[in-house]
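Structure at a glance
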Amino acid sequence: MSQSQETLSNLLQETRRFAPPADLAESANVKADAYAEAADRPGFWARQAERLSWSKPWDEVLDWSNPPFAKWFVGGELNVAYNCVDRHVEAGNGGKVAFHWEGEPGDARTLTYADLQREVSKAANALLELGVRKGDRVAIYLPMIPELPISMLACARIGATHSVVFGGFSADALRTRIDDAQAKIVITSDGGYRRGKASALKSTVDEAVADTPSIEHVLVVRRTGQEIAAHERDVWWHDIVERQSDEHAPEPVDAEHPLYILYTSGTTGKPKGILHTTGGYLTQTAYTHYAVFDLKPDTDVYWCSADIGWVTGHSYIVYGPLANGATSVMYEGTPDTPHQGRWWEIIAKYKVSLFYTAPTAIRTFMKWGDDIPAEHDLSSLRVIGSVGEPINPEAYVWYREHIGASRAPVVDTWWQTETGSIMISPLPGVTEGKPGAAMRPLPGIAADVVDDQGTPVPNGGGGFLVVKEPWPSMLRTIWGDDERYVKTYWSRFEGLYFAGDGAKKDDDGDIWLLGRVDDVMLVSGHNISTTEVESALVSHPKVAEAAVVGATDPLTGQAIVSFVIPRGSAGGDVEGDDFLKELRDHVAKTLGPIAKPRQIMIVPELPKTRSGKIMRRLLRDVAENRSIGDVSTLADSTVMDLISEKLPSAKSED
Ligand code: WT7
């Protein structure tokens, strides 16, 4: 196919199929007829909104008269904390566990829905005492401890808008976000536990707020007991929250009231404050959590391993699961503390049945070896999910086999901070899964793959992933910058939301995500997705992880350069020329000669953001022999040194 005909090459052929287990299909929350039932989209979402308790019913399901500014459930009123907590207590489920919390050092806390109601009410009363009012912004900079969801719900309870900033961010990043949102207080802790050590948070906040005039108080949770510097603006959580009344009447707010701002750092410019509102957001997080995980709230134990500092944690640790009255596990620390089986130990301990994690974690476990999960009883698992990046077919199959006992369906869920909830995903009781495919838009969602003119590509074609109709949990704007909202998401294709991702439709019309379009390589006139080449490399039995970039090449325009981490179990010489040739031939065999990497480098680690996404920009610097750019957003800034040390072993064209 010539360059002009093709938007994105469709190279990878994957024929494995996994049907849902019969019993799951039989008793599934959502069956195949849901797609047809959702043909009338507003009607479908109006029915889903009935999952929630509204203090005032809405007049109109959707107002799309001023696109791209949507209003869902116009005129309706509700309170998110009431929906996530109080109504479960009122229904007689106060004794039910909301969170089994597990601290990294091995301490644990159990919070029932009744406990949560008391704690959230006290925290709401404390915020009021500190002068926080409906509409004010509250910055939250906490580790994964119960006070984090409690703080978020306390804000929602009084109608304050929270802005959670991931605890791994620097003082600078925190300051920028506080300033942009003009937050009135910041909630933090002395520190938190990571990798077996107490690391400080309060000192970072002190540095950030030295220069943020909007901040009136710093509310500090004691977690580690480490020393902190005292300032006049500081208030200890145990001083002010503990003495509050444990009763507070949740304040109903408009369906479009701002629930939270969450910043995503784009590739350029200042971070974007993604704004999510109340009624539509809670409706879609609740529905998708129910549908995609097949949640049975009376018997399931659910665990999402993400950090609440990311949208995955907002939607699928806090709001979706609590709105559904689920019992969840929440874990403070890292997967390898004190040993590499910690997560599997937690699954066995709480008999987790629904599990949600990221491909980067899955590939790490592949690297550590199959024997580690095998030592633990994972038989309680019945649905296992993935989010954050395309999951390579091999990682999918490993996850299914070694974590899901070749029985639990894998749900590969595509969505973004901006979409608020899952958009494209298999339904575990319906979909015959294909490893590596997110499959179909969920009922009520209109997504498609289009070419550069905005025309849908035929089955078998590749292009740009777009959303064609508004959805309830969509971002409403970028905080304080409507123009940037329109420009960033709604200007590439007339009337369509463009997500920035490349995708293809296979012969059945099922959707495969191919990574960010910025990462697509142009090799001898072919647009090749980095994801497909990475997946081909990971399908070699000795490869655990791979990252691929396009480097300028005098002959082909761009050439494919790969970075590979061998599996723990690989054995033999994984540095030698023979192995590199074997890998290059393997890619050529899997995808065709056009995709054969010019160069493969064996590396010990890959540069990743704190949310686990590979930073290809830095690898392009390596591949093009440039000095390495800004590494400040790396989870571990020493990784680039490790890679640079390995450079002499880089092997070129044979
Ligand atoms: C980007 C959004 C959504 C919560 C975590 C990330 C990539 C996400 C998938 C998936 C392929 C995926 C996309 C998307 N992505 N899930 N299942 N398959 N790619 O949120 O940080 O806003 O990132 O993550 O590139 O645009 P985020």
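This text follows the structure it describes.
Residues numbered from 1 in each chain as written. Predicted model: local features only at pLDDT ≥ 70, side-chain atom pairs only at ≥ 80, totals over all residues. Heavy atoms only, no water.

Turning our eyes to something else, we now look at the site of the ligand. Close contacts around the ligand come from 16 residues, with Asp412, Thr413, Thr417, Asp501 and Arg516 the closest. Here Thr417 contributes a side-chain N or O atom positioned 2.6 Å from an oxygen atom of the ligand. The side chain of Arg516 places a nitrogen or oxygen atom 2.8 Å from an oxygen atom of the ligand. Here the ligand loses 89% of its free accessible area of 550 Å² to cover by the protein chains. Put simply, the parts of the chain that give the shell around the ligand at least two residues each are α11 (311-323) and β25 (511-516). (Near = heavy atom within 4 Å. Polar contact = N/O pair within 3.5 Å; in protein donor to acceptor, adjacent residues only side chain to side chain. Areas by Shrake-Rupley, 256 points an atom, 1.4 Å probe, with all protein chains shown as cover. Helix = DSSP H or I, 4+ residues; strand = E, 2+ residues; numbered from the N terminus.)

With twelve residues, helix α6 (residues 147-158) ought to run about 16 Å at 1.5 Å a step, and its terminal C-alpha atoms sit 16 Å apart, in line with that. Taken across its twelve residues, α6 has twelve buried, putting it largely inside the fold. For α6, the complete set of buried residues consists of Glu147, Leu148, Pro149, Ile150, Ser151, Met152, Leu153, Ala154, Cys155, Ala156, Arg157 and Ile158. Looking one or two residues beyond α6, the residue adopting positive phi is Gly159, at roughly 80°. (Expected span 1.5 Å × (residues − 1). Buried < 20%, exposed > 50% of the residue type's maximum accessible area, 1.4 Å probe, protein only.)

Glancing now at helix α8 (residues 202-209). Within α8, six of the eight residues are buried, leaving the element largely enclosed by the surrounding structure. All of the buried residues in α8 are Lys202, Thr204, Val205, Asp206, Ala208 and Val209. Considering only its buried residues, α8 is in contact with β6 (137-141), α7 (171-181), β8 (185-189), β10 (197-200), β11 (217-221) and β12 (234-236). (Contact = heavy atoms within 4.5 Å.)

As a further point, take the packing of helix α4 (residues 80-93) against α11. Between α4 and α11, the least distance of the axes is 8 Å, while the angle of their chain directions is 55°. Taken as axis vectors, α4 and α11 run oblique relative to one another. Handedness of the α4/α11 crossing: left-handed. Of the residues in α11, those touching α4 at Val80, Asn83, Cys84, Arg87 and His88 are Tyr319, Leu322 and Ala323. Considered class by class, the residues forming the contact of α4 with α11 number five nonpolar, two polar and one charged. (Axes fitted to C-alpha atoms, helices over the stretch in contact; angles between N-to-C directions. Parallel < 35°, antiparallel > 145°, perpendicular 65-115°, else oblique. Left-handed = near helix turned anticlockwise from the far one by under 90°. Nonpolar A, V, L, I, M, F, W, Y, C, P; charged D, E, K, R; others polar.)

What follows covers a negative patch on the surface. Negative charge collects at one region of the surface, where Asp370, Asp371, Glu375 and Glu401 lie side by side. Position of Asp370 relative to the elements: it lies in the loop between α13 (359-368) and α14 (371-374). (Patch = residues over 30% accessible without salt bridge, like charges linked within 9 Å, V, L, I, M, F, W, Y side chains within 5 Å. Salt bridge = Lys/Arg side-chain N within 4 Å of Asp/Glu carboxyl O. Lys, Arg positive; Asp, Glu negative; His and termini not counted. Charge placed at Lys NZ, Arg CZ, Asp CG, Glu CD.)

So, on to the packing of aromatic side chains. Enumeration according to the criterion identifies 37 aromatic pairs in this entry. Seen in terms of ring centroids, Trp303 and Phe355 are 5.2 Å apart; in terms of plane orientation they differ by 50°. Their pairing is tilted. One end of the pair, Trp303, is in strand β16 (residues 301-304); the other, Phe355, is in strand β18 (residues 354-357), with 52 residues separating them in the sequence. Here Trp303 and Phe355 have matching classes, each one buried. Members of the aromatic cluster, connected to one another through ring pairs, are Trp64, Phe69, Trp471, Tyr485, Tyr489, Trp490 and Tyr497. Here the basic side chain of Arg177 rests over the ring of Phe169, its NZ or CZ set 4.6 Å away from the ring centre. Over the face of the ring belonging to Trp236 we find Arg222, whose NZ or CZ atom lies 4.8 Å from the ring centre. (Phe/Tyr/Trp six-rings, centres within 6.5 Å; stacked < 30°, edge-to-face > 60°. Lys NZ or Arg CZ within 6 Å of the ring centre and 35° of its normal.)

We now examine the sheet that holds β16. An order of β5-β4-β17-β16-β18-β19-β20 is seen for the seven strands of this open sheet, with the pairing classed as mixed. Looking at strand neighbours, the two that pair on one side only are β5 (108-112) and β20 (410-412), the edges of this open sheet. Ignoring which end each strand starts from, the neighbouring axes of this sheet average 20° apart. Note that β18 and strand β19 (residues 383-386) share four bridges and pair parallel. Paired with Leu354 across the strands is Val383, a residue of β19. (Pairing = 2+ DSSP bridges.)

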